[in-house]
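# Report on the structure
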Amino acid sequence: MLIDTHAHLNDERLLPIAGEIVSTMPQKGLGAIINVGFDRPSSELALSLAHTYEPLYAVVGIHPHDAKTATQDDYRYFESVSTDKKVVAIGEIGLDFYYDLSDRDVQQRVFIEQLELAHALKLPVVMHVRDAYGLALEILKENNRFLEYGGVMHCYAGSKELLKDFVSLGLHASFGGVITFKNFAKQEVVKSCPADRLLLETDCPYMTPVPYRGKTNMPEYISLVRDKIQEWRPDIDVESVTTQNAKRLFNI
Ligand SMILES: [Zn+2]
Ligand SMILES: [Zn+2]
């Protein structure tokens, strides 16, 4: 059984077919899908999907792109739903200096505020970092008291060396469709990830794996990510190891 630890059925492209996707999960070997919010409305949607469909879970939070929209009222909402059994983490939070859709200082402030919030709510964190791994590491080191409940660097694209540092902070790394691309140059990173910190994700509808590039990504394509990692990691049973890791981290 596979777990897609990072999906967006709360995206308008997938929302209309969420029921259909859920109904085919058993035949696709998918045991659970964790839908991740990126702002207040998408967090609410992730949670309402999780209430509607048994194998779905929700992560609630403000993405670095949307950091400029974050309000105290949003944080109060995340707090109010934090004891809901279907809310399994705070995310996706972090830094995205590639798109820079929110000012960098605002991104940093909202990232740290949500690290603190997650800790107060006794939840792990799902992190989105792009073109800012060095600074993200610094922030996480300074705030490692907030990482007591663990977390994951989603769609990890940093170096092998930095991965070691994130792992030493107790964090996991999650890999998705990007690793199936022909030009993917970081096999060594996937190979170096400790087995007990490895997670699988699709980030659907984005990041569609080979051979479906150009189409909308779907949770079922996670099997392609599993197969690719299995090629590189004959030492472990990727499906069972990553499923155990996801269950432990997200307490599901
Ligand atoms: Zn992301
Ligand atoms: Zn995402």
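First, a word on what this report is: a plain description of the structure on this page. Since the structure is predicted, the reported quantities are computational estimates derived from the model, not experimental observations. (Residues numbered from 1 in each chain as written. Chains lettered and ligands numbered in written order. Predicted model: local features only at pLDDT ≥ 70, side-chain atom pairs only at ≥ 80, totals over all residues. Heavy atoms only, no water.)

### Here we look at the coordination of the zinc ion (ligand 2)
The protein atoms that coordinate the zinc ion (ligand 2) are His6 (NE2), His8 (NE2), Glu92 (OE) and Asp203 (OD), at distances spanning 2.1 to 2.6 Å. Here the zinc ion (ligand 2) binds four donor atoms, and the angle range of 83 to 177 degrees at the metal identifies the geometry as irregular. One chain supplies every donor for the zinc ion (ligand 2), spaced along it as H-x1-H-x83-E-x110-D. In this structure, the zinc ion (ligand 2) lies 3.3 Å away from the zinc ion (ligand 1), the two metals sharing Glu92 as a donor. Of the two residues, His8 sits in the loop between β1 (2-7) and α1 (18-23) while Glu92 sits in strand β4 (residues 87-96), which places them 84 residues apart along the sequence. The exposure class of His8 is buried, given its relative accessible area of 3%. (Donors = N, O, S within 2.8 Å, 3.2 Å for Na, K, Ca; no water. Tetrahedral: all angles 85-135°; square planar, octahedral: opposite > 155°, others 65-115°. Helix = DSSP H or I, 4+ residues; strand = E, 2+ residues; numbered from the N terminus. Buried < 20%, exposed > 50% of the residue type's maximum accessible area, 1.4 Å probe, protein only.)

### Considering the sheet that holds strand β5 (residues 125-130)
Taken in spatial order, the eight strands make up an open sheet running β1-β2-β3-β4-β5-β6-β7-β8, and their pairing is parallel. The sheet terminates laterally at β1 and β8 (198-200), the two strands that pair on one side only. Recorded for the sheet is a direction-independent mean angle of 30 degrees between the axes of neighbouring strands. Note: β1 against strand β2 (residues 30-36), four bridges, orientation parallel. Considered in β2, the bridge of Ala7 is made with Asn35. Contacting β4 and β5, helix α5 (residues 104-120) runs over the sheet at an angle of about 160 degrees to β4. (Pairing = 2+ DSSP bridges. Axes fitted to C-alpha atoms, helices over the stretch in contact; angles between N-to-C directions. Contact = heavy atoms within 4.5 Å.)

### Concerning the coordination of the zinc ion (ligand 1)
Distances from the zinc ion (ligand 1) to its protein donors, Glu92 (OE), His128 (ND1) and His154 (NE2), fall within 2.0 to 2.1 Å. When the donors of the zinc ion (ligand 1) are listed by position in the chain, the intervening gaps give E-x35-H-x25-H. Taking relative accessible area as the criterion, Glu92 reaches 3% and is therefore assigned buried.

### Digging into the nonpolar core
Side chains of a nonpolar character, in soluble globular proteins, are inclined to be buried together. In this structure, Leu140 and Phe175 are the most contacted members of the largest nonpolar core, which totals 74 residues. With six residues, α5 is the single largest residue contributor to this core. Ignoring any residue separated from it by four or fewer positions in sequence, one finds Phe175 in contact with Tyr156, Val189, Val190, Cys193, Leu198, Leu199, Leu200, Glu201, Val225 and Ile229. Membership of the second largest hydrophobic core comes to 14 residues, among which are Ile34, Val59, Val126 and Phe250. (Core = buried A, V, L, I, M, F, W, Y, C linked by side-chain atoms within 4.5 Å.)

### With respect to helix α4 (residues 72-81)
Along α4, the positions that sit buried rather than exposed are Asp74, Tyr75, Tyr77, Phe78 and Val81. Taken down its axis, α4 places every buried residue within 155 degrees of arc, on the same side. The elements touched by buried residues of α4 are α3 (40-52), β3 (56-60), β4 and α5. (Arc of directions from axis to C-beta.)

### A look at the pairing of β5
Burial analysis of β5 places five of its six residues in the buried class, which makes it a mostly covered element. Here β4 pairs with β5 via six bridges, running parallel. From the neighbouring strand, Gly91 faces β5, where its bridge partner is Val126. Tracing the backbone out of β4, into α5 and back to the parallel element β5 gives a crossover that is right-handed. Here β5 pairs with strand β6 (residues 151-153) via three bridges, running parallel. Residue pairing for β6: Met127 is matched across the bridge by Met153. Read as a crossover between parallel neighbours, the route from β5 over helix α6 (residues 133-142) to β6 is right-handed. (Right-handed = clockwise from strand over helix to strand, strands pointing away.)

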